[in-house]
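For reference, the chains in residue letters:
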Amino acid sequence: MLSGFSHENIPAPGTFLCNLEDLPDPGSKGFVFGEGMNRFDLFVVRAGSEIRAYVNVCPHMGTPLEFLPDRFLTADQKRILCATHGAQFRILDGLCVFGPCKGQSLTTLALNTESGAVVMG
Ligand code: FES
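Every chain is numbered on its own, with residues counted from 1 as its sequence reads. Per-residue local features of the predicted model are confined to residues with pLDDT of at least 70, and side-chain atom pairs are confined, for both listing and counting, to 80 or more; whole-chain, interface and lining totals are unaffected and use all residues. Heavy atoms throughout the structure, all of them, feed into the side-chain values; hydrogens and water do not.

**Quick notes on the packing of aromatic side chains**
Okay, so step 1: The aromatic pairing rule takes the rings of Phe, Tyr and Trp, using the six-membered ring of Trp, and pairs them if the centres are within 6.5 Å, calling planes under 30 degrees apart stacked, those over 60 edge-to-face and the rest tilted. Tallied over the full model, the rule gives two aromatic pairs.
Okay, so step 2: Where F43 meets F72, the ring centres are 4.2 Å apart and the plane angle is 5°; that geometry is what we call stacked. Linking F43 in strand β3 (residues 40-47) with F72 in the loop between β4 (50-55) and β5 (79-81), this pair joins segments that are 29 residues apart in sequence.
Okay, so step 3: Note on exposure labels: buried denotes an accessible area under 20% of the residue type's maximum, exposed denotes more than 50%, and partly exposed covers the range between, all computed with a 1.4 Å probe on protein chains only. Residue F43 is classed as buried on the basis of its relative accessible area, which comes to 0%.
Okay, so step 4: Residue classification places F72 among the buried positions, given a relative accessible area of 0%.
Okay, so step 5: Among the aromatic residues, those joined into a ring-pair cluster are F43, Y54 and F72. Secondary structure elements are taken from DSSP: a helix is a run of H or I of four residues or more, a strand is a run of E of two residues or more, and numbering for both begins at the N terminus.

Set out below in structure tokens:
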């Protein structure tokens, strides 16, 4: 069981997120399911053939990572960035390697790519 956020609106396995061609490389995209207190935020990051999904909650303060829609990466596109206090996370495993929550990790979500579509795993 994932912790630290509402589970009511976690999308079910197989839920369509986007077409692979709509995901910039490198790049990122945010998704929201539900509203209010039960809203569930996640984001997907792409680096070449590697695609990962994480819960959009920074382990430092529990806030969403991005200031601008779909902007989850550092300027050089090599790490995930929390815009609040500048924590940086590795794209492939979500480990924080710089900033106030160094050593902690984003929460990974299972993901699949099927026939050019990115779906929940
Ligand atoms: S809330 Fe993300 S670094 Fe502080």
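**Focus on the sheet that holds strand β9 (residues 111-114)**
Okay, so step 1: Paired strands, as defined in this entry, are two strands with at least two bridges between them according to DSSP. Overall, antiparallel pairing links the three strands, which are arranged β1-β10-β9 in an open sheet. The open sheet is flanked by β1 (16-19) and β9, the only strands paired with a single partner. On average, adjacent strands in this sheet sit at an angle of 25° to one another, irrespective of strand direction.
Okay, so step 2: Here β9 pairs with strand β10 (residues 117-120) via four bridges, running antiparallel. Bridging from a neighbouring strand, N112 pairs with V119 of β10. In this analysis, axes come from line fits to C-alpha atoms, helices being fitted only over the stretch in contact, and the angle between any two N-to-C directions falls in the range 0 to 180 degrees.

**Some thoughts on the nonpolar core**
Soluble, globular proteins show a tendency: their nonpolar side chains are buried together.
Okay, so step 1: To qualify as a nonpolar core, a set must consist of buried Ala, Val, Leu, Ile, Met, Phe, Trp, Tyr and Cys residues joined through side-chain atoms within 4.5 Å. Grouped together as the largest cluster of nonpolar side chains are 15 residues, with contacts concentrated most on F43, V45, L65, I80, F89 and L106.
Okay, so step 2: Should any heavy atoms of two residues lie within 4.5 Å, those residues are counted as being in contact. When near neighbours in sequence (up to four residues on either side) are disregarded, I80 contacts F43, V45, Y54, L65, F72, L73, A87, Q88, F89, R90, I91 and L106.
Okay, so step 3: Counting 14 residues, the second largest nonpolar core, distinct from the first, contains L17, L42, V44 and L111.

**Let's talk about the sheet that holds β3**
Okay, so step 1: A sheet is described by the order of its strands in space; here four strands give the open sequence β2-β3-β4-β8, paired in antiparallel fashion. Single-partner strands in this sheet number two, and they are β2 (27-33) and β8 (108-109).
Okay, so step 2: Both β3 and β4 contribute to a ladder of six bridges, which runs antiparallel. Directly across from F43, in β4, lies its bridge partner Y54.

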